[in-house]
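Residue-level listing of the chains:
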Amino acid sequence: MIQRLLLAGILIILTACDQDYIPKPYGQVRLSYPTAEYRDFVTNCPFTFQYSQQAVKQPKDSSCNYNLYYPDMRATIYLSYEPVDQDLTKLLMDAERAVYEPHTSRAEYIEPKLIVRPNARVYGTLYSLGGNSAMNFQFHLTDSTKHFVRGSVYFKAHPKPDSLAPAVQYIQQDVEKLMETIRWQ
């Protein structure tokens, strides 16, 4: 009886050890978010748009500057408004400089996307930044005569493109919705 058990044990050991052990990599938490639902951004400012119900509207110190904070993602869309007073070229150059100067050394790519909605008098650019850039998106919108809105998206996390990808995609959808629905008053 003992001989049979000993023989069975040896056979199990010999047949079970035919492959090398390969350690598994550490896993990342899977991020998933609810389907986006939007509400109107209503203030005394000369513009309106729709923004996600996941975001909390936070006024900043000036009258038409706001943060849209996403507590579940630790992300913020920073919005600032300036009236155009014969200085549209300067506003556009400042907005572009804020994208390229600080981020060209870290970003793997900077991809501009033009926004042209002539019926609503909305013109602008959405910049997507990839790689280890602290900022993921920056944009500006104008009617080219009176109004200029600038925005940027930051996550309060180390830039890890793979692990942040679901949150970045969610925020990109919200930024595009903002740009599609902005109206001047």
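Residues numbered from 1 in each chain as written. Predicted model: local features only at pLDDT ≥ 70, side-chain atom pairs only at ≥ 80, totals over all residues. Heavy atoms only, no water.

1. A word on the sheet that holds strand β2 (residues 47-52)
Then step 1. Strand order in the open sheet made by the 3 strands is β1-β2-β10, with antiparallel pairing throughout. Edge positions in the sheet fall to β1 (38-41) and β10 (183-184), since each has one partner strand and no second.
Then step 2. Sheet topology note: the β2/β10 ladder contains 2 bridges and is antiparallel. Paired with F47 across the two strands is W184, which belongs to β10. (Pairing = 2+ DSSP bridges. Helix = DSSP H or I, 4+ residues; strand = E, 2+ residues; numbered from the N terminus.)

2. Some details on unusual backbone geometry
Trans peptide bonds make up most of the peptide bonds, and negative phi angles are found at most residues other than glycine.
Then step 1. One non-glycine residue, Q86, lies in the positive phi region at around 60°.
Then step 2. Here Q86 shows up in the loop between β5 (75-83) and α2 (88-103).
Then step 3. In this model, R121 sits at a positive phi of 55°, which is unusual for a non-glycine residue.
Then step 4. Residue position: R121 is located in the loop between β6 (107-117) and β7 (122-131).

3. Topic: the packing of aromatic side chains
Then step 1. Inspection of every chain in the model, using the stated rule, returns 10 aromatic pairs.
Then step 2. Taken together, a centroid distance of 5.5 Å and an interplanar angle of 50° make the contact between Y33 and Y170 tilted. With Y33 in the loop between α1 (2-16) and β1 and Y170 in helix α3 (residues 161-181), the pair connects residues that are 137 residues apart, well separated along the chain.
Then step 3. Ring plane angle 5° and centroid distance 6.1 Å describe the contact between F47 and F49, whose orientation is recorded as stacked. We note that F47, like F49, is buried.
Then step 4. Taken together, the ring pairs in this structure connect F41, F47, F49, Y51, Y66 and Y81 into an aromatic cluster.
Then step 5. Positioned above the aromatic ring of F41 is the side chain of K57, whose terminal nitrogen or guanidinium carbon lies 4.9 Å from the ring centre. (Phe/Tyr/Trp six-rings, centres within 6.5 Å; stacked < 30°, edge-to-face > 60°. Buried < 20%, exposed > 50% of the residue type's maximum accessible area, 1.4 Å probe, protein only. Lys NZ or Arg CZ within 6 Å of the ring centre and 35° of its normal.)

4. Notes on the sheet that holds β5
Then step 1. Taken together, 7 strands build an open sheet; the order of strands is β3-β4-β5-β9-β8-β7-β6 and the sheet is antiparallel. Looking at the sheet topology across the chains shown, the edges are occupied by β3 (56-59) and β6. Neighbour-to-neighbour, the strand axes of the sheet open up by a mean angle of 15°, direction not taken into account.
Then step 2. As paired strands, β6 and β7 are joined by 10 bridges and run antiparallel to one another. What sits directly across from A107, in β7, is G131. (Axes fitted to C-alpha atoms, helices over the stretch in contact; angles between N-to-C directions.)

5. Quick look at the pattern of salt bridges
Then step 1. Under the counting rule described, the total for this entry stands at 5 salt bridges.
Then step 2. A salt bridge links K90 to D94; the shortest N-O distance between them is 2.8 Å. Taken together, the residues K90 and D94, both in helix α2 and 4 residues apart, mark about one turn of the helix.
Then step 3. A salt bridge links D94 to R97, with the nearest nitrogen and oxygen atoms 3.7 Å apart. Placement of both D94 and R97 in helix α2 is noted, with a separation of 3 residues, approximately one turn of the helix.
Then step 4. Residue classification places R97 among the partly exposed residues on the basis of a relative accessible area of 35%. (Salt bridge = Lys/Arg side-chain N within 4 Å of Asp/Glu carboxyl O.)

6. Description of empty space enclosed by the protein
Then step 1. If you walk through the whole model with that rule in mind, you get 1 cavity of 30 Å³ or more.
Then step 2. Quantified by volume, the largest cavity comes out at close to 40 Å³.
Then step 3. What lines the largest cavity is Y33, P34, Q54, Y70, P71, D72, M73 and Y170.
Then step 4. Considered class by class, the residues forming the lining of the largest cavity number 6 nonpolar, 1 polar and 1 charged. (1 Å grid on protein atoms, 1.4 Å probe; cavity = no way out; pocket = protein on both sides within 12 Å on 5 of 7 lines; lining within 4 Å. Points joined across faces, edges and corners; volume = space filled by probe spheres on them. Nonpolar A, V, L, I, M, F, W, Y, C, P; charged D, E, K, R; others polar.)

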